[in-house]
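These are the residues of each chain, in order.
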Protein chains: 4
Amino acid sequence: MAKSRFEYVRTYEQDQVLLPNTYIVIRLDGRGFHRFSAHYGFAKPNDSRALNLMNKSAVSLMKQISDVCGAYGQSDEYSFVLQRRCRLFDRREAKLVSTFASTFTAYYQFYWHDYFPDQPLVASMLPSFDARAVQYPSLAELRDYFSWRQADCHINNLYNTSFWTLIIKGGQTEKEAEHTLMGSNSADKNELLFSRFGINYNNEDAMFRKGTMLIRDISGAPLQTQNPSQKDHIALQKKSKRQVEREEKKRNKAEIVESHDDIIGDNFWRESYKWLS
Amino acid sequence: MAKSRFEYVRTYEQDQVLLPNTYIVIRLDGRGFHRFSAHYGFAKPNDSRALNLMNKSAVSLMKQISDVCGAYGQSDEYSFVLQRRCRLFDRREAKLVSTFASTFTAYYQFYWHDYFPDQPLVASMLPSFDARAVQYPSLAELRDYFSWRQADCHINNLYNTSFWTLIIKGGQTEKEAEHTLMGSNSADKNELLFSRFGINYNNEDAMFRKGTMLIRDISGAPLQTQNPSQKDHIALQKKSKRQVEREEKKRNKAEIVESHDDIIGDNFWRESYKWLS
Amino acid sequence: MAKSRFEYVRTYEQDQVLLPNTYIVIRLDGRGFHRFSAHYGFAKPNDSRALNLMNKSAVSLMKQISDVCGAYGQSDEYSFVLQRRCRLFDRREAKLVSTFASTFTAYYQFYWHDYFPDQPLVASMLPSFDARAVQYPSLAELRDYFSWRQADCHINNLYNTSFWTLIIKGGQTEKEAEHTLMGSNSADKNELLFSRFGINYNNEDAMFRKGTMLIRDISGAPLQTQNPSQKDHIALQKKSKRQVEREEKKRNKAEIVESHDDIIGDNFWRESYKWLS
Amino acid sequence: MAKSRFEYVRTYEQDQVLLPNTYIVIRLDGRGFHRFSAHYGFAKPNDSRALNLMNKSAVSLMKQISDVCGAYGQSDEYSFVLQRRCRLFDRREAKLVSTFASTFTAYYQFYWHDYFPDQPLVASMLPSFDARAVQYPSLAELRDYFSWRQADCHINNLYNTSFWTLIIKGGQTEKEAEHTLMGSNSADKNELLFSRFGINYNNEDAMFRKGTMLIRDISGAPLQTQNPSQKDHIALQKKSKRQVEREEKKRNKAEIVESHDDIIGDNFWRESYKWLS
């Protein structure tokens, strides 16, 4: 079609392209979820409905975008990891983060009613998420990333469980509870929960304590292209269109497996070939 | 709170920060709207419901995010311009584009039912949008950006109107219509519409022909800080927190004005002080 | 020529491209010039030979690279400003900063002997410079940039002049001089120089106090292409190859004018059309 | 010291920081070396003096900047690889490329007289180099990078050797030589050199055929910190200042070893622990 004389403004578009062959993690965070969760009456310290809605949205996104290998969620955040060789949107950062944020938002809102049937969304308080992309050059760092988020989940959840138990069961004000917990370490909080409230923290719901790990289990359908005798530099080269399509088909069929296990120890990562290869 | 030994992975986060004092344009595009519009039976060549839903979503976003001065929309795209000195999210690109894409998606989905009451959204076909940010150093370029989008709207809409008229009123197949229009210029298409179908293109709905311009009209409430005698370098310096808050309050109250006029000629830009200053 | 199977590694090259139509400032800084100047016995607080060598190198660079409009130097640093529409190296940052650093180094070393005939360079102490590129969207900011550097020159030179006068003429140790000056403002230092040493700071060499401004004076040969009636958006579009070559020729012939005047006040900038247009 | 009101312009400085834990390759290229080599009468197709001057400059740079593990040079280019965990200049791209370009230029010019005693440099034809930085996330890609450059060296040198032999020994014009070689593959060129000129290409100087590889041999002095039982995530964390200094000292003492061997095959890389660990 005809081009206008204004077309030159396109030259101002600058795509930030992520490096090839790094692990890309896209982390979404709920915007203003402190107010959002208060408005819709989320249970404290954890609301199973809200967490399951996050998980449902994440699984839906993974089913739609097959380049996502795995994901980890806790509280109002979700991290998605793309396979190393992923070429989605030519690895353009803005396109990646905006698409993930938009797609996740759409599912979250769509499935809202299934998890909060009695709390219709109102225009002045709609859910939204921002997103960022981070690159990790090696598996060691990617693993540490997930460990970081799970350690964060643990630290926050132990605190929040103690805090809200002091309030709900202990009758303290928020200020008092804060004061009670000041300076306490993990052992102190475990002890407090057990001795004062008979709560064994380790018996709390694993989803609360460990968060949720989602993996795309491709182990059932090993791809023919993964010939271990091929040299690395072959693998690094661009695959044929047909290869890409065949792999995508396999990935689309693969099951998304949810778990709430420890991902800091070695066990989880021994089977990482199942979803990261 | 305690920090884990995995905390170092945060150092891999690299924020792409946009240059200070440029006009930032954030353009959203519907993802796969060809299939989306077909699935929900959008009228061809233009569906007023769909365009009004876009406009409603854009106005809602502007009411929520007061740094947006103006916006222009056509088809399944919307461009938002941030005021030059805007410091929203410290001008971090990923945060800006993901937040805009997510927020717009949320409104679009929320108001969907108002515009398409008979076509409930289904999980396999939810609306989503990607976004990009572009920077323009001067007003001349910003103006050319808007002219580019409106010229694009004109070119596409004249083509689409001719194309679908040939099909719907002229009984041609899509292939035949394409062939009929091949090589035709604007005058040819205008003539074709008029002579064969009695359609005066200039009488078509202005929203179809010109798209939609939204401005935040701050002219009614001039801000005290805009002292023209102040030197430029003062204006470029960081404003006090109080100034920023006062301005934000004013901006929040300002009306969002919708129009479907020509924005390529000088007229529209003579009054740009109303929304861009 | 034949391409090897390793060619794919080129896709990892990511060019950081500067925004079109901003003023690009490239600032060079001497690496380790504290030790360098001590090694070659630079006079304190200012060494005319060293400053003139910096100026000579900067003029030589400007004669070679015609996109440079002007430059400002003080101490062991030099800032070069490229014309707004400059397309040198397609505005690739790495190419710009490395070329400027290398070219300046080559001239500095080549002319060294002319300014320091008795101090041959030794391999273990060669001069080198690093460089950075900064973008300014408007003239107001570019002007403030130069003002910043000249204010910096003033502050440092007044301090250094006082410091070394206390040592050389006042017989103080470095520690004592530092202590004497602690907490003093500009007026105090002027007073100290005058009352204790009879030095009127304003009579010091202008090159020491104000640094050196270099402009490419293109006013003598106005370019035909600068038709003020042309609309901005025309000017922003890409020029023809022939236009570019003609302008370059003119720019190459233009004289480089050196001055040591105030560049903070309005006077200097009233004539900026001479070199920035 | 006092800060001026212009200080805000510093906020426009945007450092492009390279990702942690990637291999950084900095490649320098001679600027306009076609004209440069013609001006100073470089021998064709290869000039040993010029190549040895490049090598001397590269070794000198490596002795000064201990973060460089190895380097590969051919023709008028040199590639330097930084150790993966290198934190030189906080991995700021502009600082890295400008410093390398400037430092290399200084050595090249300084040692020029040793290699070209009869050809003094002239001001209008000084040597200069640009530089770029490329990141590789894994060893496989880094190896492929070096293979790419050596394959390039081979392809170019075989062509140039054939081309200049046809001219110098075969009496052809440049145009004729170009025509003779058109469409020829490697075997053809080898055959042409042997059958028409009795030249066995494999007997040509290895430096011409293979380029020059420089490694910093740290194998003689294994660093205590390299405890293989340490977990990866420990190694990825920031080292103590003392560790860094101790390592730097060792690296500074390590010998720079020059070779002209094949670096595409496995042999060379089996011993990469000697310089890349």
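Computed from a prediction, not measured in an experiment: that's the story for all the values here.

S.K.: Help me understand the interface of chain A and chain B in this model?
M.R.: Often, the extent of an interface is quoted as the loss of accessible area on bringing the components together. Listed per partner, the contact involves 58 residues of chain A and 58 residues of chain B. For the pair chain A and chain B, the summed buried area comes to about 4,800 Å², and 59% of that belongs to carbon and sulfur atoms. Three residues stand out in chain A for area buried against chain B, namely A:Phe6, A:Tyr12 and A:Trp148, and they jointly supply 13% of the buried area on that side. Where chain A packs against chain B, one counts eight salt bridges. With a shortest N-O distance of 3.2 Å, B:Arg27 and A:Glu13 are connected by a salt bridge. At the junction of chain A with chain B, the criterion picks out 29 residue pairs in polar contact (both at pLDDT 80 or more).

S.K.: Where do I start with unusual backbone geometry in this structure?
M.R.: Excluding glycine, residues mostly have negative phi values, and the peptide bonds linking residues are mostly trans. The residue after C:Lys44, namely C:Pro45, is reached through a cis peptide bond having omega 0°. Along the chain, the position of C:Pro45 falls in the loop between helix H1 (33-39) and helix H2 (48-64). Although it is not a glycine, B:Ser75 adopts a positive phi angle of roughly 50°. A residue is classified by how much of its surface remains accessible, and B:Ser75, at 47% relative accessible area, is partly exposed. Phi is positive for D:Arg91, which is not a glycine, with a value near 60°. With respect to the helices and strands, D:Arg91 occurs in the loop between strand E3 (77-82) and helix H3 (93-115).

S.K.: I'm lost on the relation of the copies chain A and chain B in this one. Help?
M.R.: Placing chain A over chain B gives an RMSD of 0.1 Å and needs a rotation angle of 180°, together with 0.0 Å of translation along the axis. These values place the two chain copies in the arrangement generated by a two-fold rotation axis. A high fraction, 100%, of the interface residues of chain A reappear at the interface in chain B, so the copies pair face to face through one surface.

S.K.: I tried to follow the sheet that holds strand E6 (residues 255-259) of chain A on my own but got confused; where do I start?
M.R.: Two orientations exist for strands paired in a sheet by backbone hydrogen bonds: parallel and antiparallel. Residue and element names in this part refer to chain A. Ordered by their spatial adjacency, six strands build an open sheet running E4-E1-E3-E2-E5-E6, and the pairing between neighbours is antiparallel. Every interior strand has two partners, whereas the edge strands, strand E4 (129-136) and E6, have only one. For this sheet, the mean inter-axis angle between neighbouring strands, taken without regard to orientation, is 20°. Helix H2 (residues 48-64) rests against strand E2 (68-74), strand E3 (77-82), E4, strand E5 (212-217) and E6 of the sheet, and its axis sits at about 20° to E5.

S.K.: Looking at this structure, I do not really get the relation of the copies chain D and chain C. What am I missing?
M.R.: Both copies of the chain are related by one operation, a rotation about an axis with a shift along it. Relative to chain C, chain D is turned by 180° and slid 0.0 Å along the rotation axis, the superposed coordinates differing by an RMSD of 0.1 Å. A symmetric contact is evident, with 100% of the interface residues of chain D recurring at the interface of chain C.

S.K.: Is there a simple way to think about the confidence of the model for chain A in this case?
M.R.: In low-pLDDT segments, the atomic positions of the prediction should not be examined closely. Residue and element names in this part refer to chain A. On average, residues of chain A score 92 in pLDDT, and 92% of them are at 70 or above. Low pLDDT, under 50, characterises residues 224-234; the predicted model gives this stretch ten contacts beyond four residues in sequence or across chains. Model confidence for the complex is summarised by a pTM of 0.93, with the ipTM given as 0.93.

S.K.: Any chance you could explain the pattern of salt bridges here in plain terms?
M.R.: Pairs can form between side chains of opposite charge whenever their charged atoms are close. This structure, assessed with the given rule, holds 40 salt bridges over all chains. Here D:Glu13 and C:Arg132 are joined by a salt bridge, their closest N and O atoms 3.5 Å apart. Of this pair, D:Glu13 sits in the segment before strand E1 (23-30) while C:Arg132 sits in strand E4 (residues 129-136), placing the two residues on different chains. Under the relative-accessibility criterion, D:Glu13 is labelled buried at 15%. Here the salt bridges share partners, and the residues they tie into one network are A:Glu13, A:Asp15, B:Arg27, B:Asp29 and B:Arg132.

S.K.: In this structure, what is going on with the packing of helix H4 (residues 139-168) of chain A against helix H6 (residues 186-197) of chain A? I would like to understand it.
M.R.: When two helices pack together, their arrangement is given by the angle between the helix axes and the distance between those axes. All names here are of chain A. In contact at an axis separation of 10 Å, H4 and H6 are set at 35° when each is read in the N-to-C sense. For the pair H4 and H6, the crossing hand works out as left-handed. Mapping the contact onto sequence places His154, Leu158, Tyr159, Thr161, Ser162, Thr165 and Leu166 in H4 and Ser186, Lys189, Asn190, Leu192, Leu193, Arg196 and Phe197 in H6. The class makeup of the residues in the contact of H4 with H6 is six nonpolar, six polar and two charged.

S.K.: Even after reading the chapter, I still don't get the interface of chain D and chain C, so can you show me in this structure?
M.R.: Across the boundary between the two partners, chain D contributes 58 residues, which contact 58 residues of chain C. When the two sides are added together, the surface that chain D and chain C hide from each other amounts to roughly 4,800 Å², 59% of it contributed by carbon and sulfur. Ranking the residues of chain D by area buried against chain C places D:Phe6, D:Tyr12 and D:Trp148 at the top, with a combined share of 13%. Joining chain D to chain C, the criterion identifies eight salt bridges. For the interface between chain D and chain C, the tally reads 28 residue pairs in polar contact (both at pLDDT 80 or more). If you tally residues by element for the side of chain D that touches chain C, the top one is H3(D), at 15 residues. Tallied by class, the residues present in the side of chain D that touches chain C amount to 31 nonpolar, 14 polar and 13 charged.

Calculation rules
Residues numbered from 1 in each chain as written. Chains lettered and ligands numbered in written order. Predicted model: local features only at pLDDT ≥ 70, side-chain atom pairs only at ≥ 80, totals over all residues. Heavy atoms only, no water. Contact = heavy atoms within 4.5 Å. Buried area = accessible area lost by both parts, 1.4 Å probe. Salt bridge = Lys/Arg side-chain N within 4 Å of Asp/Glu carboxyl O. Polar contact = N/O pair within 3.5 Å; in protein donor to acceptor, adjacent residues only side chain to side chain. Helix = DSSP H or I, 4+ residues; strand = E, 2+ residues; numbered from the N terminus. Buried < 20%, exposed > 50% of the residue type's maximum accessible area, 1.4 Å probe, protein only. Least-squares fit on C-alpha atoms with pLDDT ≥ 70 in both. Pairing = 2+ DSSP bridges. Axes fitted to C-alpha atoms, helices over the stretch in contact; angles between N-to-C directions. pLDDT = per-residue confidence, 0-100. Left-handed = near helix turned anticlockwise from the far one by under 90°. Nonpolar A, V, L, I, M, F, W, Y, C, P; charged D, E, K, R; others polar.

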